[in-house]
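Summary of the model geometry
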2 protein chains.
Amino acid sequence: MKHEITAGEKPAEEIYFPKDIKKTKQRVEIFRILSTASRPMSAAEIYQCLIKTMEGTNFAISTVYRGLAVFEEKGYVTKSTWMGTETYCYEWNQGRHRHYAVCLKCHKLVPLESCPFEHAKIHKLGDDFTVTGHKLELYGFCRECKGKALDGKCGIK
Amino acid sequence: MKHEITAGEKPAEEIYFPKDIKKTKQRVEIFRILSTASRPMSAAEIYQCLIKTMEGTNFAISTVYRGLAVFEEKGYVTKSTWMGTETYCYEWNQGRHRHYAVCLKCHKLVPLESCPFEHAKIHKLGDDFTVTGHKLELYGFCRECKGKALDGKCGIK
DNA sequence: CCGTAATTGCAAATGAGTTGCAATTGCAAT
DNA sequence: ATTGCAATTGCAACTCATTTGCAATTACGG
């Protein structure tokens, strides 16, 4: 299922449309947009891209939601929210999970290079809870917003 | 502002209505409910408590939202969402921040005893981002829901 | 007790996300 | 290639949490 690997090189791992999901042109577009996106996107953002790409074709936002739900159910997409926003964002799972720092002013997401829990043992909570995953979110201000952090609304005080 | 401390004892730290917020009977009730709650509550849950306590008085859910917004603005309340729910929950800030494990089935929140980052140094992100805080969320299944985890919808796969 | 600004209740609006349904499409079997 | 049928789609109407406009009420300093 992986691309052929040329010795000594580190090819971008190519991502194919999942074989266990029925292919439709709408889903293929959603897949294309999300799997090549460099950051999590909201359904509305994906829809906007879709409209541009598919000019002439009709497209419903509900199709986007339904498609994303299918991808999520099968584990190809992760859906989450971040501090300071009210809408869900969707991210194509590239093998390992990711964490972000989210700017409280402009809501930009800065990916963390590694997961601080990769080798930690917070997964022990006694018998009371079986941990299957975690979500970590740093927040603060990105370089551009720092300094003007006190102007206007920041989503948090 | 703190309660008198009797030697050798560990008194429950008493919480008073913030002096920098205008007192109204509605806000006092919201304060009372939230500051004595053992877990984050949604606006609707707070509203339900309010209705019970204040039988006879009229009460609007919008007042709850507005009150919570005031408390949050001044830093007395933290508002967040957890995986698998769509509504915000509000928590009275008792000095230090808290993290939770959230059950993907029943949505129960189990508080973590300590913050794994208390002494860690993930707060360094180079010059690109100034971290002011973080949010950690473990997810999985609580004791009661484990075992029946595969029945019905779990909010995640 | 009065005056005024802040707060409230109410009802209507918002906005993300969902759903029912009839029309369309994908695709496997012919 | 054509057919048949279940899955998917577009659409419009809906849900539900949260917000907002506004007139009436309340808190609180003078």
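Throughout this document, residue positions are counted from 1 along each chain, in the order its sequence is written. Each chain is given a letter, starting from A, and each ligand a number, starting from 1, according to the order in which they appear as written. At least 70 in pLDDT is required for a residue's local features to be given in this predicted model, at least 80 for side-chain atom pairs to be given and counted, and no such filter applies to totals for whole chains, interfaces and linings, which use all residues. Side-chain numbers here rest on the full set of heavy atoms in the structure, without hydrogens or water.

Next up on the list: the sheet that holds strand 5 (residues 109–111) of chain B. Ordered in space as 5(A)-4(A)-6(A)-6(B)-4(B)-5(B), the six strands form an open sheet in which the pairing is mixed. In the strand order of this sheet, the two ends are held by strand 5 (109–111) of chain A together with strand 5 of chain B, each with one partner. On average, each strand axis in the sheet is tilted by 30° relative to the strand beside it, whichever way the strands run. Here three bridges tie strand 4 (residues 100–103) of chain A to strand 5 of chain A, and the two strands are oriented antiparallel to one another. Bridge pairing links A:V102 to A:L109 in strand 5 of chain A. By definition, two strands form a pair when at least two bridges between them are found by DSSP. Only DSSP runs of H or I covering at least 4 residues are called helices, and only runs of E covering at least 2 are called strands; the numbering of each starts at the N terminus. Helix axes are fitted to C-alpha atoms over the stretch in contact, other axes to C-alpha atoms as well, and angles between N-to-C directions run from 0 to 180 degrees.

This part covers the relation of the copies chain B and chain A. Least-squares superposition aligns the copies on the C-alpha atoms of those residues with pLDDT at or above 70 in both. Overlaying chain B on chain A yields an RMSD of 0.1 Å, the required transformation being a rotation through 180° with an accompanying axial translation of 0.1 Å. Accordingly, the operation relating the two chain copies is best matched by a two-fold axis. For chain B, the minimum C-alpha distance to the rotation axis belongs to B:L136 and amounts to 2.3 Å. Of the residues that chain B buries at the interface, 100% are likewise interface residues in chain A, meaning the two copies contact each other through the same surface. We call two residues contacting when some pair of their heavy atoms lies within 4.5 Å.

With that settled, consider the interface of chain B and chain A. On the chain A side, the residues contacting the 39 residues of chain B number 39 residues. Roughly 3,200 Å² is buried in total at the junction of chain B and chain A, and carbon and sulfur atoms are behind 59% of that figure. Buried area is understood as the total, over both parts, of accessible area removed when two parts are fitted together, assessed with a 1.4 Å probe. It is B:F129, B:K135 and B:Y139 in chain B that bury the most area against chain A; as a group they hold 18% of the surface buried on that side. Within this document, salt bridges are pairs made up of a side-chain nitrogen of Lys or Arg and a carboxyl oxygen of Asp or Glu, the two lying within 4 Å of each other. The tally of links between chain B and chain A comes to zero salt bridges. Any N or O atom pair separated by 3.5 Å or less is treated as a polar contact, with the protein-specific requirement of one donor-capable and one acceptor-capable atom, and with residues adjacent in sequence counted only for side-chain atom pairs. Across the contact surface, chain B and chain A share eleven residue pairs in polar contact (both at pLDDT 80 or more). Elements with a contribution of two residues or more to the side of chain B that touches chain A: helix 3 (61–73), strand 4 (100–103) and strand 6 (129–142) of chain B. Each residue gets one of three labels, nonpolar for Ala, Val, Leu, Ile, Met, Phe, Trp, Tyr, Cys and Pro, charged for Asp, Glu, Lys and Arg, and polar for the others, Gly among them. Residues of the side of chain B that touches chain A, tallied by class, amount to 19 nonpolar, eight polar and twelve charged. For strand 6 (residues 129–142) of chain A and strand 6 of chain B, the ladder comprises 13 bridges, and the chain directions are antiparallel. For A:G133, the partnering residue across the bridge sits in strand 6 of chain B and is B:Y139.

What follows covers helix 3 of chain B. Residue and element names in this part refer to chain B. In this model, helix 3 (13 residues) spans 18 Å end to end at C-alpha, consistent with the 18 Å of a helix rising 1.5 Å per residue. Residue exposure (1.4 Å probe, protein chains only): buried if accessible area is under 20% of the type maximum, exposed if over 50%, otherwise partly exposed. Taken as a whole, helix 3 has its buried residues at V64, G67, L68 and F71. Around the axis of helix 3, the buried residues are gathered within 100° of arc, so they sit on the same side. Here the buried face of helix 3 lies against helix 1 (25–36), helix 2 (43–53), strand 2 (77–80) and strand 3 (89–92). How far a helix is expected to stretch is found by multiplying one less than its residue total by 1.5 Å. Here, the arc refers to the directions that run from the helix axis to the C-beta atoms.

So yeah, pure geometry; function would need other evidence.
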